Amino acid sequence: MARYQGWFAFVLALAIAAGMFLIRTPLQLGLDLRGGSQLTVQVQPAGDVKVVGDREMEAVKAVLDRRVNGLGVAESTLQTVGTDQLVLQLPGEQDPTAAARVLGDTALLEFRAQREGTEAEFRSLRQLQSQARAILQLRKDQRRRGETPDELNLEDLKDVQESLGLNADGASDDELLQALLDQADDELLTLLNPAQLTGKQLVTAGRQPLQNNPNSWEVTLNFDAEGAEAFADLTQSIAGSDRLLAITLDNKLISAASVGPQFKSAGISGGAATISGNFDAETARELEVKLRGGSLPLPVEVVEVRTIGPTLGAENIRRSLMAALSGLALVAVFMVVAYRLPGAVAVAALSLYALFNLSVYALIPVTLTLPGIAGFILSIGMAVDANVLIFERIKDELRRGNTLIRSIDTGFSEAFSSILDGHLTTLISCAALFFLGTGLVKGFAATLGIGVLLSLFTALTCTRTLLRFLMGYAGLRRPTYFIAQGQRPSTIP
Amino acid sequence: MAMSTPNTTVVLRLPLSASRGRVWLVSGLTMLVALGGLISCWLNPDIAAPLRPGLDFTGGTQIQLERDCGESCRDLKSIAVSSIVQSLSLPVEEDDPVPNLRSARVQLLDGGQSLVQRVPTLTAAQGQALIAAVEPIAGPFVAGGQSVDTIGPSLGRQLLRSTLISLVVAFSGIALYISFRYDGRYAFLALVALAHDVLIVSGVFAWLGLLMQLEVDSLFAVALLTIAGYSVNDTVVVFDRIRERARDGAGLGLSEQVDQAVSATLTRTLYTSGTTLLPLLALIFFGGATLYWFAIALALGVVVGSWSSIALAPSLLTLWEPRAEV
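Below: a short report on this structure.

Here is what the cut-offs are and how they apply
- Residues numbered from 1 in each chain as written.
- Chains lettered and ligands numbered in written order.
- Predicted model: local features only at pLDDT ≥ 70, side-chain atom pairs only at ≥ 80, totals over all residues.
- Heavy atoms only, no water.
- Helix = DSSP H or I, 4+ residues; strand = E, 2+ residues; numbered from the N terminus.
- Buried < 20%, exposed > 50% of the residue type's maximum accessible area, 1.4 Å probe, protein only.
- Expected span 1.5 Å × (residues − 1).
- Salt bridge = Lys/Arg side-chain N within 4 Å of Asp/Glu carboxyl O.

**Some points on unusual backbone geometry**
Next, step 1: With a phi angle near 55 degrees, A:R340 is a residue other than glycine that sits in the positive phi range.
Next, step 2: Take A:R340: it is sitting in helix 10 (residues 310–363).
Next, step 3: Its relative accessible area of 36% is what places A:R340 among the partly exposed residues.
Next, step 4: Notably, B:Q213 is not glycine yet its phi reads approximately 60 degrees, a positive angle.
Next, step 5: Within the element layout of this structure, B:Q213 appears in the loop between helix 6 (184–212) and helix 7 (218–248).

Written out as structure tokens, the structure is:
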């Protein structure tokens, strides 16, 4: 009996440890449960690279990792899936378009000086762009509020169009404005000198709020030695003039800054610089992300976008939890009715099973998704099965007229081989599904596999320990606590 | 102890081998009906696949909206929503082709509380335009209660392929294990039972796809995998008993061994299916729309799986009985 007291203490200690651990370490919930966005991008072969291999994936992932970190979404994850895909998860992020843009850009970052004598044209084009953008935004807001956007004054636009050489007959107002923006972009590029400096020479980019005005931000740049020299030359050439230093990404102007006259003599040297002016936290972050991104070695395509609202996720959790708990409560009632004392012990062992299961999820960690929860509920079904097998065998032994303790021990050993076979076959398929499957299948296999392993442990150890421990009390050693009176041979007292 | 208590037991008995012909008839007919569903689906030009593939396999965009109903939901017909969606003209972006919304499908779930729309692949802006267009008749919507899924068509094929490969590996592993622990006959029959279960559940969903336009998604693939696992587990326990009978039931014919083993495990099989069904039924009735069909597939699998492990697989085993003893 002392042997079972020792085991009992061990199981109890394990349960307390698992409980403590679970309280300290929260479970990781999948996006389907807490809301957020998930993007899958596929890396495409291009140029000399005919097949996307591990090295290419590594390089793309490194660049994307930097860009994603720049998005500033807490707990975002970027994982390689299969041979040529990356899955990005952004918990809580409801607007996947921002992320898609950052991921999708095959960025070619260039620093270029404005050509001489283009000051006025440059200024008016940028002004035109900002006006067009403002009108587009206004119309979008109006539409969102359900209003019909104001008619555009086409007469005004006509002049601008003509000056840009645009022919936009029959286009809608929005298309017209967009065409205008694009045309202005192209025009702006013609006013720039060829690039002397590219993103390759940029080591890091950062951002910080201005000291005198915390609402205004600046973006910081750091170049390598070669880049520092080129940047000094570039800034010297335009220092103190009205000409701007332009930063282009994929041949689109993303920022333009003036260089103060104090840099006339040597340019901005030392390889560090700041870009300031009209940045709020958001726009500074966006520029920083673009700068840090550098160039993707291969183009990528977004093949899947999933967005789930936070309340939908919360509702899913609540409902699944309610369903699981009510189902399990019914199972508990059933076990006690069908098997009496051992049934009650099984309920205790199954509660331990659930506790261990959840703490293993927190330990590994397993991200809980809807299929994962389903796998969990199903593994409880298997854990119940193991107990049912054992208790049926105990009943068999009691029916044959064996003594109680003997019946319990025989019941466990007789049931062992079928429990082992059933669990091992399930484990084999879990392993195959986990290592070869993807996505949902993998998560499901993981939770089911963990469940099966733990079920082996709880059924064979916890149930047995608890049962034998209770048998240490003479008051509980009554066959009628195990089997209905009429089912035992009456000759055995 | 009452001495007069009759020494009878309430152990369930199943004279299986006597009625094995009927067992095979039931399983055979059910499988035929299932096969009929799969073939009809395949022949249906709209589907052209054994099951009606959902968004996960075909690619496209699915927009789910939770309606903010307050006390009760305003009456809404899915046809009213789909006619709006189908006649919608979407904002066009860059050089992308305009998505053809004629094939848009609208479904109401949870007694009209949520609205699911399946359309060809949309950009984020087009998705927002679509939501804005249906809001006047179906809204207001719960803020944050929407989900938008866009899936490229290549992803579904990959999922299907990787799932099939892992299934084949899993089955081979199981077959090897059973051949090692029992023998080849048992391994073969376990796989027959498994195929029987998976075929019937797939068949039911094929019919649902034909009659109710129900689509299968990757959750359905997960459900089939689970059914396969459950089926083997269930069958192996019965086999274990048969083997035990064969060892210590000296002098008994195979049919007798099988009958005794099945009777001995009958209570266990029914209890286990019952306890597995309970949480699944709870999921079906209270779990909400997301897991509804998943739970139904699993519940069906549990029922069919119990049948195949109690009745079909053991009765097939008696085929190996030497003719003289029958």
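That was the structure; now back to the text.
**A closer look at helix 8 (residues 225–238) of chain A**
All names here are of chain A.
Next, step 1: Across its 14 residues, helix 8 extends 21 Å between first and last C-alpha, which sits within 8% of the 20 Å expected from 1.5 Å per residue.
Next, step 2: If you check which residues of helix 8 are buried, you get G227, A228, A230, F231, A232, L234, T235 and I238.
Next, step 3: Immediately beyond the C-terminal end of helix 8, within one or two residues, lies G240, with a positive phi of roughly 75 degrees.

**Description of the environment of A:L370**
Residues and elements named next belong to chain A.
Next, step 1: Mapped onto the elements of the fold, L370 is located in helix 11 (residues 370–399).
Next, step 2: The buried category is assigned to L370, whose relative accessible area is 4%.
Next, step 3: C-alpha separation for the pair L370 and D32, spaced 338 residues apart in sequence, amounts to 6.9 Å.

**Comments concerning the pattern of salt bridges**
Next, step 1: If you walk through the whole model with that rule in mind, you get twelve salt bridges over all chains.
Next, step 2: For A:R393, the salt bridge identified is with B:E244, shortest N-O distance 2.9 Å. Within this pair, whereas A:R393 is found in helix 11, its partner B:E244 is found in helix 7, the two belonging to separate chains. Assigned by exposure class, A:R393 and B:E244 land together as buried.
Next, step 3: The closest approach of N and O atoms between B:R185 and B:D183, which form a salt bridge, is 3.3 Å.
Next, step 4: Exposure remark for B:D183: the relative accessible area of 26% places this residue in the partly exposed category.
Next, step 5: Beyond isolated ion pairs, a larger network of salt bridges with shared partners links A:D385, B:D234 and B:R268.

**Some points on the environment of A:E93**
All names here are of chain A.
Next, step 1: Along the chain, the position of E93 falls in the loop between strand 4 (85–91) and helix 4 (96–104).
Next, step 2: Its relative accessible area of 23% is what places E93 among the partly exposed residues.
Next, step 3: For the pair formed by E93 and Q38, sequence separation is 55 residues and the distance between their alpha carbons is 9.0 Å.

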